[in-house]
Amino acid sequence: MFVRNSWYVAAQSDELGAAPLGRLILGEPVVFYRAGDGRAVALEDRCCHKRAPLHRGRVRGDCIACGYHGFEFDPSGACVRVPGLEQVPANARVRSYPLVERHRYLWIWMGDPTAARPEEIPDFHTNDDPRWAQTGTRLPVAADYLLMVENLLDLSHVGFIHAGTIGSDDTGAAIRWDSSGAQVVGVRSSIDIDTPPHNRKQGFAPRCDQTKVMTFLAASHVTIDITTVERPGAAADAGTQPRAMHIMLLNSITPETATTCHYFWSSTRDFAIADESITRFFHEMTVRAFDEDRVMIEAQQRIIDLDPVAPTVSVAGDLGGVQARRLVNRLIAQG
Amino acid sequence: MFVRNSWYVAAQSDELGAAPLGRLILGEPVVFYRAGDGRAVALEDRCCHKRAPLHRGRVRGDCIACGYHGFEFDPSGACVRVPGLEQVPANARVRSYPLVERHRYLWIWMGDPTAARPEEIPDFHTNDDPRWAQTGTRLPVAADYLLMVENLLDLSHVGFIHAGTIGSDDTGAAIRWDSSGAQVVGVRSSIDIDTPPHNRKQGFAPRCDQTKVMTFLAASHVTIDITTVERPGAAADAGTQPRAMHIMLLNSITPETATTCHYFWSSTRDFAIADESITRFFHEMTVRAFDEDRVMIEAQQRIIDLDPVAPTVSVAGDLGGVQARRLVNRLIAQG
Amino acid sequence: MFVRNSWYVAAQSDELGAAPLGRLILGEPVVFYRAGDGRAVALEDRCCHKRAPLHRGRVRGDCIACGYHGFEFDPSGACVRVPGLEQVPANARVRSYPLVERHRYLWIWMGDPTAARPEEIPDFHTNDDPRWAQTGTRLPVAADYLLMVENLLDLSHVGFIHAGTIGSDDTGAAIRWDSSGAQVVGVRSSIDIDTPPHNRKQGFAPRCDQTKVMTFLAASHVTIDITTVERPGAAADAGTQPRAMHIMLLNSITPETATTCHYFWSSTRDFAIADESITRFFHEMTVRAFDEDRVMIEAQQRIIDLDPVAPTVSVAGDLGGVQARRLVNRLIAQG
């Protein structure tokens, strides 16, 4: 049902403190905790003894002890202590999951552990690069995660769902879509358009060129890379290099179950990074806009549940989403 | 599971204003809206693009635009506009349902549209006849709609469920039941009985004759027609025609799902029609009584859910309900 | 799924007053009421007419009348009156269940009525013996009742779940388990240990011997019999018989459905029986401790629901629970 051999965002780094954290990922119960040295660990959240959730237990050094009978598991998932027993049974263990903490996220690998390569974790460096400002959070959504992926790969909804917030009619501009490997990339270039207010505020000229690159990184990430380049004004000095500003939206949508997901988003930028008011503006605008998406997508899920095989019609604007679903299905078939 | 070729009440007229209304009818999502000229339209509440519910969209002239990507559908269900596309895909459409606004209700036909004949809509003229007063509302009930139909065709429960409100022991009087075509009719005549208080209040003599005609109009309507005729008092002038008053209870119970329904009721009368206090009395008494029914019937549904095939015993008082179920099953079998 | 030929606790005596009480037992709806002479009766909580729950009806003498149409059933389950009918249909009846009121509980037999022998009801006399003090209540738990049975037969969880309340590490002491007939018995003797505070308060010497006898009485009862015997102090008179105090914990866990249960507990003791503060202490400590169990066990059930066949590992401390499950499965297989 899900692509297993893939890196998913399991949590934001700051969600995991001293207490264990339990979360369903791809329908499986996973417990996260920090070992003695602060390293994050992911284990099956089901004690091999009585199937109590380990997240109700306590961290003890590098291990986590079940809250029911005190069975202790080390970061490899091996049971290393059973209170009252001299000898731990040989088969006493829980599954452990490869977990990497990077770019302020915990990245989990739910598939074959021998296939896990941390170098394949998407480059989300803008999420902790000091030359960038960031703001983001986690949003629980009661819908199939691919409905949210589709939503992000499709700018044509902006003028409708977000009519009252960030809306503008984007349907007119052409997008080139390209799929190769485990990516689907869409590029839209807008030449000589009105400069957005937040760029104007930084002293940009009234007109600009803008490029949006939307990238689906299978199985669960959508980045939106927005580059705005100032056009020389009437009074511009010919010898000046045109200035550019970047916004990088990082979106990771991790399946919780077949019909619910964890939506992690971060809005990052490389301009006015110390200006808290801009950070707040991006945060609040995104919270509002994504909540509008959530409401629509949860309603969509309820309609789908009524008749999961009702036929649909695709149009040009769906190309990114169609390619993303095709890619996901191919990866699932590969096992 | 349901009779499809039948007129169901989908909504009260005044439930549908300028905003679209979404409602499940026979388990199908239906959106209702008013076209530019005020005419009510019923379409499949599932955009053919991404299956978003159209009731979250906006009315534009005679059309409704999906709130997700702006696909617009006309009253026939044809998609007439896709933002950003020159040409609408030929197969882009949603189902449309025959809908008639009459007698202050919206009547929907969920079956074969070519078989829909508005002249077969039940005669509920007392619901908007100026010579009659009306009061009523919609009550959601978490039970199979046929449990409510049975309840209405059976007066023997009145002395038990409604012991504290309208209760009187009706079990003594005989009812003649007759089934023909798409109707089941029960008649009970009571000769020389005490005149009910609301008739006494209008100056009726202390004794009267009363006839109750209960009619099940398949698949979902039960009317109860109560005629009260004054008996000549001791001092009555032999030359005077006996006075009569009528109460017509209009009940329409529309399946929402297999175990939930929309119960529309209206209490109409042809006497003291300008007397608001009588209208209020009938309204409040009915709200209280039907809520007593609702509580019992929802409890009944929960017991049925525990063991749907537990055997039951029928008695004489069930005759109307038994005939109604038989009729419904015959109509379902006819397809 | 359940052992049927067994006595289950259905309710505490004082839960059943003048009004009928409806409760699911082993997934079946049962109504309890008191006949005219106060005797408790248990019938199928589903009228044979329209399947309304009888617990919404009224007691009339020795009978219960359905709240929908007034069908009356006597304590044998026979329908003895149908309002409006001269003759009650011969097959009009509901199931009746053997029910015995004893030791302040209502004991129900859900299996073959001819096999019900009241003399096989467990001896819970300490629950109403005037030489004992009692306190207890009913706790609804959203989990398979056997998870609670396992919990009670296993003292090794005390130091973990109850670390903050009654916790002490009991994992060190050996328990002898023995299974015979319809019982599983575990005995643990502790020689020359610190006397518990509540025994000290009664004047006991600082050291004592203690015996705990845990008994699983199939299919649903676990008693814990704690005997504390004073050891002679340094200044003890050699001619004095050592004093003993007893605590008897009566636990009955009745399945409501496959994944919910009614947990009845009573803490009884034969010392300081008039001391309300001790009664209150035992009550409050037990309420707190069992709520800690409930939280863990409900979490355990949710994890089990995610993957009911996930493998588990057993250790020595599980011996009582393993024998109890084996016994229950054997009794189910015997039918």
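These figures come from a predicted structure and were not determined experimentally.

A.B. asks: Sorry if this is basic, but what is going on with the relation of the copies chain C and chain B here?
C.D. replies: Copy one and copy two of the chain differ by a rotation about an axis and a translation along that axis. Rotating chain C by 120 degrees about the axis while translating it 0.0 Å along that axis superimposes it on chain B, leaving an RMSD of 0.0 Å. Considering both components of the superposition, the chain copies are consistent with a three-fold axis. Minimal C-alpha separation from the rotation axis in chain C is found for D305 of chain C, amounting to 12 Å.

A.B. asks: I tried to follow the domain arrangement of chain A on my own but got confused; where do I start?
C.D. replies: Reports often express the size of an interface as the amount of accessible area lost when the parts come together. Residues and elements named next belong to chain A. According to the domain assignment, chain A contains domain 1 (7-120) and domain 2 (125-334). Spacing between the C-alpha centres of domain 1 and domain 2 amounts to 33 Å. On the side of domain 2, 19 residues touch domain 1, which itself brings 16 residues to the contact. In this assembly, domain 1 packs against domain 2 so that about 1400 Å² is buried in total across both faces, 51% of it on carbon and sulfur atoms. Scanning the region where domain 1 abuts domain 2 turns up one salt bridge. Among the salt bridges present, the one from R138 reaches E15, with a minimum N-O distance of 2.9 Å. The set of elements that each furnish at least two residues to the side of domain 1 that touches domain 2 consists of β1 (7-12), β2 (21-25) and β11 (105-109). When residues of the side of domain 1 that touches domain 2 are assigned to their parent elements, the largest contribution, six residues, is made by β1. By residue class, the composition of the side of domain 1 that touches domain 2 is 10 nonpolar, three polar and three charged.

A.B. asks: Got a minute to help me understand the pattern of salt bridges in this structure?
C.D. replies: Any two side chains of opposite charge can pair, on the condition that their charged atoms come close. For the structure shown, the criterion picks out 57 salt bridges over all chains. Among the salt bridges present, the one from E150 of chain C reaches K50 of chain A, with a minimum N-O distance of 3.1 Å. In this pair, E150 of chain C sits in helix α1 (residues 145-152) while K50 of chain A sits in the loop between β4 (40-44) and β5 (58-60), so the two residues belong to two different chains. Across this residue pair, the class does not change: E150 of chain C and K50 of chain A are buried. The partner of R207 of chain B in a salt bridge is D194 of chain B, with the nearest N and O atoms 2.5 Å apart. In this pair, R207 of chain B is assigned in strand β15 (residues 207-217) and D194 of chain B in strand β14 (residues 183-194), connecting sequence segments 13 residues apart. Shared partners join several salt bridges into a network, and the residues in it are D192, D194, R207, D209 and R231 of chain A.

A.B. asks: Explain the interface of chain A and chain C here, please?
C.D. replies: Of the residues lining the interface, 25 residues belong to chain A; the matching set on chain C comes to 27 residues. Each partner contributes to the roughly 2200 Å² buried at the junction of chain A and chain C, and carbon and sulfur atoms together form 63% of this total. Together, K50, R51 and Y68 of chain A form the three largest contributors to the area buried by chain A at its contact with chain C, with a combined 34%. Inspection of the region where chain A meets chain C yields one salt bridge. At the boundary of chain A with chain C, the tally comes to eight residue pairs in polar contact (both at pLDDT 80 or more). Split into classes, the residues belonging to the side of chain A that touches chain C amount to 13 nonpolar, seven polar and five charged.

A.B. asks: So what exactly am I meant to see when it comes to the confidence of the model for chain A here?
C.D. replies: A low pLDDT means the predicted coordinates there should not be read in detail. Per-residue confidence for chain A gives a mean pLDDT of 93, with 95% of residues at or over 70. On the interface metric, ipTM, the complex scores 0.92, and its pTM is 0.93.

A.B. asks: What is the right way to read the interface of chain C and chain B from this model?
C.D. replies: Each partner contributes to the interface: chain C provides 25 residues, whereas chain B provides 27 residues. Interface area, chain C with chain B, both sides summed: about 2200 Å², of which 64% is carbon and sulfur. Among the residues of chain C in contact with chain B, K50, R51 and Y68 of chain C are the three that bury the most area, contributing 34% of the side total. Seen at the junction of chain C and chain B, the total is eight residue pairs in polar contact (both at pLDDT 80 or more). Here the residues of the side of chain C that touches chain B are counted per class, giving 13 nonpolar, seven polar and five charged.

A.B. asks: Quick question: what am I supposed to make of the nonpolar core here?
C.D. replies: Generally speaking, a soluble globular protein has its nonpolar side chains buried in company with each other. Within the largest apolar cluster, 78 residues are counted, with the highest numbers of intra-cluster contacts made by F32, I108, Y145, V149, F216 and Y263 of chain B together with F73 of chain C. For this core, the element with the highest residue contribution is helix α4 (residues 276-306) of chain B, accounting for seven residues. When sequence neighbours within four positions are dropped, the list of residues in contact with F216 of chain B reads V149, L153, A182, Q183, V184, H221, V222, A324, L327 and V328 of chain B.

A.B. asks: Help me out: how do you make sense of unusual backbone geometry in this one?
C.D. replies: Most peptide bonds adopt trans geometry, and most residues besides glycine take a negative phi value. Here the bond from A218 of chain A into A219 of chain A is cis, since omega is 10 degrees, no more than 30 degrees from zero. Topologically, A219 of chain A is positioned in the loop between β15 (207-217) and β16 (221-230). The backbone phi angle of R104 of chain B is positive, close to 65 degrees, even though this residue is not glycine. Looking at the secondary structure, you find R104 of chain B in the loop between β10 (99-102) and β11 (105-109). Judged by relative accessible area, which is 39%, R104 of chain B ranks as partly exposed. The phi torsion at D192 of chain C lies on the positive side, around 55 degrees, for a residue other than glycine. Looking at where D192 of chain C falls in the secondary structure, it is placed in strand β14 (residues 183-194). Using a relative accessible area of 34% as the deciding quantity, one classes D192 of chain C as partly exposed.

A.B. asks: Can you help me understand the environment of L26 of chain A in this one?
C.D. replies: Residues and elements named next belong to chain A. Residue position: L26 is located in the loop between β2 and β3 (28-34). Put simply, L26 and T254 are 228 residues apart on the chain and 7.5 Å apart in space, counted from C-alpha to C-alpha. If we skip the residues at most four places from it in the chain, L26 touches F2, V3, R4, Y8, M110, P255 and E256.

A.B. asks: Help me understand the packing of aromatic side chains, please; the structure alone is not making it clear to me.
C.D. replies: Ring pairs (aromatic) are described by centroid distance and by the angle formed between their planes. All names here are of chain A. A full pass over the atoms with the stated rule returns 24 aromatic pairs over all chains. Seen from their ring centres, F281 and F282 are 5.5 Å apart, and the 65 degrees between their planes marks the pair as edge-to-face. A residue is classified by how much of its surface remains accessible, and F281, at 42% relative accessible area, is partly exposed. According to the relative accessible area criterion, F282 is buried, its value standing at 4%. An aromatic cluster of three or more residues is present, and its members are Y105, W107, F124 and F264.

Cut-offs applied
- Residues numbered from 1 in each chain as written.
- Chains lettered and ligands numbered in written order.
- Predicted model: local features only at pLDDT ≥ 70, side-chain atom pairs only at ≥ 80, totals over all residues.
- Heavy atoms only, no water.
- Least-squares fit on C-alpha atoms with pLDDT ≥ 70 in both.
- Domains from an automatic or database assignment.
- Contact = heavy atoms within 4.5 Å.
- Buried area = accessible area lost by both parts, 1.4 Å probe.
- Salt bridge = Lys/Arg side-chain N within 4 Å of Asp/Glu carboxyl O.
- Helix = DSSP H or I, 4+ residues; strand = E, 2+ residues; numbered from the N terminus.
- Nonpolar A, V, L, I, M, F, W, Y, C, P; charged D, E, K, R; others polar.
- Buried < 20%, exposed > 50% of the residue type's maximum accessible area, 1.4 Å probe, protein only.
- Polar contact = N/O pair within 3.5 Å; in protein donor to acceptor, adjacent residues only side chain to side chain.
- pLDDT = per-residue confidence, 0-100.
- Core = buried A, V, L, I, M, F, W, Y, C linked by side-chain atoms within 4.5 Å.
- Phe/Tyr/Trp six-rings, centres within 6.5 Å; stacked < 30°, edge-to-face > 60°.

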